[in-house]
Structures are given as C-alpha cells and as structure tokens.
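Listed below are the residues making up each chain.
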Amino acid sequence: MAEPNLADQIGQDLAPPQVAVEDAARAMEAFARGHHTEGRRVVLVTSGGTKVPLESRTVRFLDNFSSGRRGATSAEYFLQAGYAVIFLHRHRSLYPYSRRYAATNWLDVLRLLPGDGAARVEAEQSQLPGDGAVRVEAEQSQLPGDGAARVEAEQSQLPGDGAARVEAEQSQLPGDGAARVEAEQSQLPGIVQVLQDYSSMKESGRLLPIEFNTLSDYLHLLRAAAQALSPLGSCAMFYLAAAVSDFYIPASEMPEHKIQSSSGPLQITMKMVPKMLSPLVKDWAPKAFVVSFKLETDTEILIKKARYALANYRHHVVVANILDSLRTYVVIVTGTEETKLSISDEEDRSGVEIEEKIIKDLTSRHTHFIEGAEVN
C-alpha cells in the first residue's frame, strides 16, 4: 500500500498547483502509449528546482540554485540513445539544445541592418569541412483567415563554398521600411549541428516538454507521469534529476498577503515534503527502472547517504555527486556496486560532458533490467 494519506496530503496540505495537471496527464499518457506501441523505451527526466511559496498571493518564496543543466543535457543524450523523453522541467530552466546558448545576450549577437523591404534574420556560419554547404532556411508569412502565423522550414544540401548558412525569411514589417537582422556566428558556436539535431528530434516527436513552477506543481505532475508510465513496465525509466525542496509551508498555515518587514524578524516553521520516491517505487510504477540523485557537499557522507536511499526506497540506482565536482565526477551506486565516472582535463577541453557517460552507463543497466524482467 502507499504511504498513509499521501495522495490526500498532496491534494489538500500543499497549495493548489498552478498548472493544468489533467491536461498534462493526458498528454503524457498518450505520448508514452504511442512510443511504447512503436517499441521504444520512454524515460521521464525531471529537471530544475522547485519554488516554495511563503504566501498565498506569492511575493516571496524559497528556491535553490538548480539551473536544470544536468536534466537538459541528459535529455539530449537519452534522445541520442533512441529513447522517447518526457521532460518535466522548471519554467525557464535550461532546455535541451538551446541550453548551450543560455548565457547569450541575443541583443548583443544580433545586428540591425538596412533591408530591402523584408525583415530577414540571417546567420553566416564558419567554414565547414566537405565540398558542399549546409543551408537551413525558414519561411515565415502571415496566413489569411484567423491571423495565425505559419513557419515553413526546408533544409537541404546545397552546392557552395563550404559555408554553413542559417536564415529566416519573415513577413513584411509595418512602417516605412523594413529591417535586416544578422547574427554573429562566433557568438553561437556549433549552431548548425545543434539546429540539425534539434530539427531531427522535433520531426521524430520523441520529446514531450512539461513545465512546473512550484513544489505543488511538481508533485502533482510526478504522480501523473508515474501513472502514465506504469503500463510500460520495465521499458519505462525515471531519471529524477530535479532539485526538489525538502521543506514547505502547508497551505492552511500560509499567510494570504505579502509578509510585512515592519513586523520584525521573520520566523518560519516548515514541514517536511512527503517522500514521493517510496510510493513511486512501491505503487505508482512498481515495474519501472528508477534512478534518483544525491547531491552533498561533504564527501565523507555521500556514499553512505546514497546507500541509505537505496535501502530505504528500494529503487535501482543513485547517481551520487559532490557540489564542487558536479560537472566532472559522479558515482553510480547500486545495491551491489559503485561505479566512478569522471571527465579528464583533456576530455573537458574537447567538450565531453559527464552526462554522456552517465546516460551510456544507465541505458546499459536499463537493458539488463529489461532482460531480467523478461526472464522472470
């Protein structure tokens, strides 16, 4: 049985979700069923931090440092491995593919130039190897009728001098003249390959993004995702990389309006967030392959905490990492072994990411897990 009254606690004790949970649940169920029918594995990747409101009409809230980098990066490598991915991510956290340009100020990258009557966005790319050029072009025009915008994209291999070109034709701008906008390719490293990978992924329909914002959003959506993936049995994986708050203020104890600083020093009593991993493993998706994360700042307790989680929740893998080496070193902890994965200085300079090694390891373990389930 599930932990006592956990569903009631999610629905009543926490503030109401700010997202359309039922719509998301239907989308996840249809997505999972469709890809499973096609013989594809499906993974839920959770990503980013959860916001914990301090007031009903929220002005102040508690948050954490998570940008969603690990989840967004991992989603890409799962897609490369052939998985269909439900990407449950924090609103405005990093996103697969575009994550590479998160620090880019697009107004610094773009230049406004005189035009010929059409608004044009164009990026001239650096020389590519080979005897041809790659051109990616999108035509955008205003359709008659309800005023909806239409974007048509055509990608083809064109003869040329080996330069890659990214360009978008847009509809006529209102006013006396039109503008032309160009982007500096040096500010967008690898943009052609990223666009090709992103376009291929979009065409395959293997990524379903679902957004959350608050802790309540996340917990409701996680439960809905578990219900959507449960029918897939061992072919489903949960990759729980989101940085979920451990504490919250019950809705019944939350002030309605903004907390006033004139009242003096603030004292807050918070309750522990219900542990969702236990009912997820025991009841919601008992046949799925479940991976959780453990982040610590003290190396002395890291493996001990990971093993405690495995023993307590009875899932399959903990990815254990230390804050100071988050991008270069992790330990894959299971009930029987510890596998250390790391990025060397040379690999780091060449752009190798630790998530590539994590996903390669986990997809192999998932294969063995499925084979074991089939035998049993």
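Residues numbered from 1 in each chain as written. Predicted model: local features only at pLDDT ≥ 70, side-chain atom pairs only at ≥ 80, totals over all residues. Heavy atoms only, no water.

A. Region of interest: the overall build of the protein chain. On a plain count of helices and strands, the protein chain comes out with ten helices and 18 strands. Looking at the protein chain as a whole, 43% of its 376 residues qualify as buried. Residue pairs at least 24 apart in sequence account for 77% of intrachain contacts in the protein chain once pairs closer than 6 positions are excluded. Accessible area of the protein chain: about 20200 Å², with a carbon and sulfur share of 50%. (Helix = DSSP H or I, 4+ residues; strand = E, 2+ residues; numbered from the N terminus. Buried < 20%, exposed > 50% of the residue type's maximum accessible area, 1.4 Å probe, protein only. Contact = heavy atoms within 4.5 Å. Areas by Shrake-Rupley, 256 points an atom, 1.4 Å probe, with all protein chains shown as cover.)

B. Spotlight on the confidence of the model for the protein chain. Summary statistics for the protein chain give a mean pLDDT of 84 and a share of 80% for residues scoring 70 or more. Of the regions scoring below 50 in pLDDT, residues 117–121 engages in 25 contacts with residues more than four places distant in sequence or in other chains. A low-confidence stretch, residues 123–133 (pLDDT under 50), is modelled with 35 contacts involving residues beyond four sequence positions or located in other chains. (pLDDT = per-residue confidence, 0-100.)

C. Up close: helix α5 (residues 191–204). Compared with the 20 Å implied by 1.5 Å per residue over 14 residues, the 20 Å span of α5 between its first and last C-alpha is a close match. Burial in α5 covers these residues: I191, V192, V194 and M201. In the stretch just after α5, G205 is the one whose phi turns positive, near 65°. (Expected span 1.5 Å × (residues − 1).)

D. Layout of the packing of helix α2 (residues 21–37) against helix α6 (residues 215–229). Following both chains from N to C, one finds α2 and α6 inclined at 30°, their axes separated by 9 Å at the closest point. For the element pair α2 / α6, the angle class is roughly parallel. Every pair of crossing elements has a handedness; the one defined by α2 and α6 is right-handed. Contacts between α2 and α6 pair V21, A24, A25, M28, E29 and A32 from the former with H220, L221, A224, A225, A228 and L229 from the latter. Tallied by class, the residues present in the contact of α2 with α6 amount to ten nonpolar, one polar and one charged. (Axes fitted to C-alpha atoms, helices over the stretch in contact; angles between N-to-C directions. Parallel < 35°, antiparallel > 145°, perpendicular 65-115°, else oblique. Left-handed = near helix turned anticlockwise from the far one by under 90°. Nonpolar A, V, L, I, M, F, W, Y, C, P; charged D, E, K, R; others polar.)

E. Unusual backbone geometry, seen in detail. A positive phi angle, near 70°, is found at R92, a position not held by glycine. Residue placement: R92 occurs in the loop between β4 (84–90) and α4 (106–109). R92 sits in the exposed class, given a relative accessible area of 77%. Positive phi values are uncommon outside glycine, yet R314 reaches one of about 65°. Residue placement: R314 occurs in the loop between α8 (299–313) and β16 (317–322). In this structure R314 comes out as exposed when scored by relative accessible area, which is 62%.

F. Local environment of the nonpolar core. In terms of nonpolar packing, the biggest core is built from 50 residues, with M28, I86, L229, F238 and L280 touching the most fellow members. Ranked by residue count, the leading element in this core is α6, at ten residues. The residues touching I86, leaving out its near neighbours within four places in the chain, are M28, F31, V42, V43, L44, V45, L208, I210 and L229. In terms of nonpolar packing, the next biggest core, distinct from the first, is built from 37 residues, Y77, L79, V194 and A241 among them. (Core = buried A, V, L, I, M, F, W, Y, C linked by side-chain atoms within 4.5 Å.)

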